[in-house]
Amino acid sequence: MSEMLRAPAEVKYADELDYLESVDTGPKPFSWRLSPRMVRLFVLGSERADGLDREIAQKWFGDRSFVERSIVTLASDRGLLLIGDPGTGKSWLAELLSAAICRNSTLVVQGTAGTTEDHIKYSWNVSMVIARGQSRESMIPSPIMTAMEQGVIGRFEELTRSTSDVQDALISILSEKYVSIPELNDDNIVFAKPGFSIIATANSRDRGVNDLSSALKRRFNFVRIPVVTNKRSEAEIVRFRTEELLRRHAIELDVPPTLLDILLQSFADLRAAAASATSDDEKLESALSTAEQIGVLEDAILHSQFFGDRTLRPETLAGSLMGSLARRSPEDLAILNKYLHGVVEPRAKQDGGGWEGFLDGGRQAIASLS
C-alpha cells in the first residue's frame, strides 16, 4: 500500500483492530466488527484489568461516559450528534468510532453553505446519462447513501453550517431509513441495511448560522464534548499528537517538560482572561482550544527543526504562539501584549527559567507583527 499523508484510523490502527476482532467474544449489534466493549477499549485504551495480551493505546482523551453514550446511541436506530467548541476532538472521536464499528471512517460529508441535497443523496454522471439514460449505473451515490447500502456509519461534519434544505433531507433519511429515486421507474428505492447510522458534528459557536430544527434534533442523541480544562489530560493530548508529528516527519527532538508546562499555563491564563472579559474586543478571536495548542507546538517544533538548531527553545514557542493567536490587528495584538506585560513579565522575574526566554520571544514576535 502506498504511503498516505494522513491515514484514516482504520488503516493507522489496523493491527490493533485485527487483534481486538480476534479476541472479541462479546455480542455485536447489527453488522458491527467489534462489540461495544471493544469499541470503547479501542478508543480509550486498555487497562490491566482488561486481561489482554497486548496494550491498546489510548487515542481519545476525555470522559469515559461520553464515549459510552456515543456507542450506545449508535447501537440504537438514532443518529449521534457530537457538539462542542472548536478543537474539542469531536471529529477525531467520530472517526475512531466509525473505524472501530465498521472499519470505514471515510464516508464523510462536509457541511458548508454550498452543501446540497445531492451531497447527502445522489447525483448523476452526466456523460453516462446522455449516452445511456438514467439508471442505477449512471447514478453517483453520496457517502451517506453508500453507508446506507453497506450498513455502516456515515459521517456529517459541521451539520449546522449546511442550509435548512439539506437538514430537512437528512430528517427523511434518519426517519424512514431509505432514499427514493423518482427519476427511475425500477429499482428506485435505496433501503438502509442494519448497522447504518450517522455521526454528525456541530460547533456550539455556530449557533445562529443554521440552527437545527426541532424535528432534526429529535432524530439525534446529543453528546456535548466540553473543552478540556484539566491540565493533566490536556498535557496527555498535546503529547500524544506531538509524538505523532515527530514520527511522521522522522524528527528526533525532545519537548522539554518545562516548555510544555509553559504552553499549557499560557493557554490557561488566556482562557481566564477571556472568561473575565466584558466585550468581544477584549477576547482573542481564537477559541484557545486544545487543538490550537497542538498547532502552536507543532509549528514551534518544525521551525526549530528547519530554521533553528533542532532544539526547542522558549523563544521559538513564544513566537509560534503569538503568530498563531494574533488573528486580528490591532485587537489581538493588544490583548497578547497586555498578557506579556501583565502576566508573563512578573512571572519571568519571579520564576525565571523558560519564562524569561518566552517573554523575550513574545516581545520580538509582537514587534514584528505590529
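Residues numbered from 1 in each chain as written. Predicted model: local features only at pLDDT ≥ 70, side-chain atom pairs only at ≥ 80, totals over all residues. Heavy atoms only, no water.

A. Looking closely at the layout of surface pockets. Of the voids in this model, the largest pocket is the one considered here, and its volume is about 1,000 Å³. What lines the largest pocket is a set of 44 residues, and nearest its centre among them are Trp92, Phe240, Arg241, Glu244 and Ile294. Elements with a contribution of two residues or more to the lining of the largest pocket: α1 (9-12), α5 (90-102), β8 (197-203), α11 (231-248) and α13 (290-307). Element by element, the count of residues in the lining of the largest pocket is highest for α11, at seven residues. Each residue belonging to the lining of the largest pocket can be placed in one class, and the counts come to 20 nonpolar, 11 polar and 13 charged. What lines the second largest pocket is Asp269, Leu270, Ala273, Ser276, Ala277, Asp281, Glu282, Ile335, Lys338, Tyr339, Gly342 and Val343. At the level of elements, α12 (257-276) and α15 (331-351) are the ones that each hand at least two residues to the lining of the second largest pocket. The element that contributes the greatest number of residues to the lining of the second largest pocket is α15, accounting for five residues. In terms of residue class, the lining of the second largest pocket is built from six nonpolar, two polar and four charged. (1 Å grid on protein atoms, 1.4 Å probe; cavity = no way out; pocket = protein on both sides within 12 Å on 5 of 7 lines; lining within 4 Å. Points joined across faces, edges and corners; volume = space filled by probe spheres on them. Helix = DSSP H or I, 4+ residues; strand = E, 2+ residues; numbered from the N terminus. Nonpolar A, V, L, I, M, F, W, Y, C, P; charged D, E, K, R; others polar.)

B. Layout of the packing of aromatic side chains. All told, the structure shown has five aromatic pairs when counted by the stated rule. Considering the side-chain rings of Tyr178 and Phe191, the 5.7 Å spacing of their centres and the 55° angle between planes classify their relative orientation as tilted. With Tyr178 in strand β6 (residues 178-180) and Phe191 in strand β7 (residues 189-191), the pair connects residues that are 13 residues apart, well separated along the chain. The exposure class assigned to Tyr178 is partly exposed, which follows from its relative accessible area of 28%. When the ring centre of Phe42 is taken as origin, the NZ or CZ atom of Lys59, which lies over that ring, is 4.3 Å away. (Phe/Tyr/Trp six-rings, centres within 6.5 Å; stacked < 30°, edge-to-face > 60°. Buried < 20%, exposed > 50% of the residue type's maximum accessible area, 1.4 Å probe, protein only. Lys NZ or Arg CZ within 6 Å of the ring centre and 35° of its normal.)

C. A negative patch on the surface, seen in detail. Taken together, the side chains of Asp280, Asp281, Glu282, Glu285 and Glu331 define an acidic patch exposed on the protein surface. Mapping Glu285 onto the fold places it in the loop between α12 and α13. (Patch = residues over 30% accessible without salt bridge, like charges linked within 9 Å, V, L, I, M, F, W, Y side chains within 5 Å. Areas by Shrake-Rupley, 256 points an atom, 1.4 Å probe, with all protein chains shown as cover. Salt bridge = Lys/Arg side-chain N within 4 Å of Asp/Glu carboxyl O. Lys, Arg positive; Asp, Glu negative; His and termini not counted. Charge placed at Lys NZ, Arg CZ, Asp CG, Glu CD.)

D. Summary view of the pattern of salt bridges. Summed over all chains, the structure comprises 20 salt bridges. Where Arg103 meets Glu21, a salt bridge forms, and the shortest distance between an N and an O atom there is 2.8 Å. One end of the pair, Arg103, is in the loop between α5 and β2 (108-110); the other, Glu21, is in helix α2 (residues 14-23), and 82 residues separate them in sequence. Taking relative accessible area as the criterion, Glu21 reaches 25% and is therefore assigned partly exposed.

E. The arrangement of the environment of Ile140 in detail. Assignment of secondary structure puts Ile140 in strand β4 (residues 139-141). With relative accessibility at 39%, the residue Ile140 sits in the partly exposed group. Linking Ile140 and Val296, residues 156 residues apart in sequence, is a C-alpha distance of 40 Å. Here Ile140 is in contact with Tyr122, Ser123, Trp124 and Asn125, once residues within four sequence places are set aside. (Contact = heavy atoms within 4.5 Å.)

F. Fine view of the sheet that holds strand β5 (residues 153-157). Taking strand neighbours across the sheet as the criterion, the five strands line up as β2-β5-β8-β1-β9 in an open arrangement whose pairing is parallel. At either end of the open sheet lies a strand with only one pairing partner, and these are β2 and β9 (220-225). Pairwise comparison of adjacent strand axes, ignoring direction, gives a mean angle of 20° for this sheet. Where strand β1 (residues 79-84) lies against β8, five bridges are found, and the strand directions are parallel. Bridge assignment links Leu81 to a residue of β8, and that residue is Ala200. (Pairing = 2+ DSSP bridges. Axes fitted to C-alpha atoms, helices over the stretch in contact; angles between N-to-C directions.)

G. Focus on empty space enclosed by the protein. Taken as a whole and judged by the stated rule, the model has one cavity of 30 Å³ or more. Together, Leu270, Ala273, Ala274, Glu282, Lys283, Leu284, Leu288 and Ile335 line the largest cavity. With three residues, α12 is the largest single contributor of residues to the lining of the largest cavity. Partitioning the lining of the largest cavity into residue classes produces six nonpolar, no polar and two charged.

H. Expanded view of the environment of Gln293. Classification of Gln293 by relative accessible area gives buried; the value is 0%. Considering only alpha carbons, one finds Gln293 and Ile237, 56 residues apart in sequence, at a separation of 9.8 Å. Excluding its chain neighbours within four sequence positions, the residues that come into contact with Gln293 are Glu234, Val238, Leu263, Leu264, Phe267 and Arg271.

I. A look at the packing of α11 against α13. Here α11 crosses α13 at 40°, and the two axes come no closer than 10 Å. When the interaxial angle is binned, α11 and α13 end up oblique. Here the hand of the crossing between α11 and α13 comes out right-handed. Contacts between α11 and α13 involve Glu234, Ile237, Val238, Arg241, Thr242, Leu245 and Leu246 from the first element and Thr290, Gln293, Ile294, Leu297, Glu298 and Ile301 from the second. Of the residues contributing to the contact of α11 with α13, the split by class is seven nonpolar, three polar and three charged. (Parallel < 35°, antiparallel > 145°, perpendicular 65-115°, else oblique. Left-handed = near helix turned anticlockwise from the far one by under 90°.)

J. Summary view of α13. If you check α13, its first and last C-alpha atoms are 25 Å apart, about what 18 residues at 1.5 Å a residue would give, namely 26 Å. Thr290, Glu292, Gln293, Ile294, Val296, Leu297, Ala300, Ile301, Ser304 and Gln305 are the residues of α13 that are buried. Residues of α13 that are buried in the fold lie against α11, α12 and α14 (314-325). (Expected span 1.5 Å × (residues − 1).)

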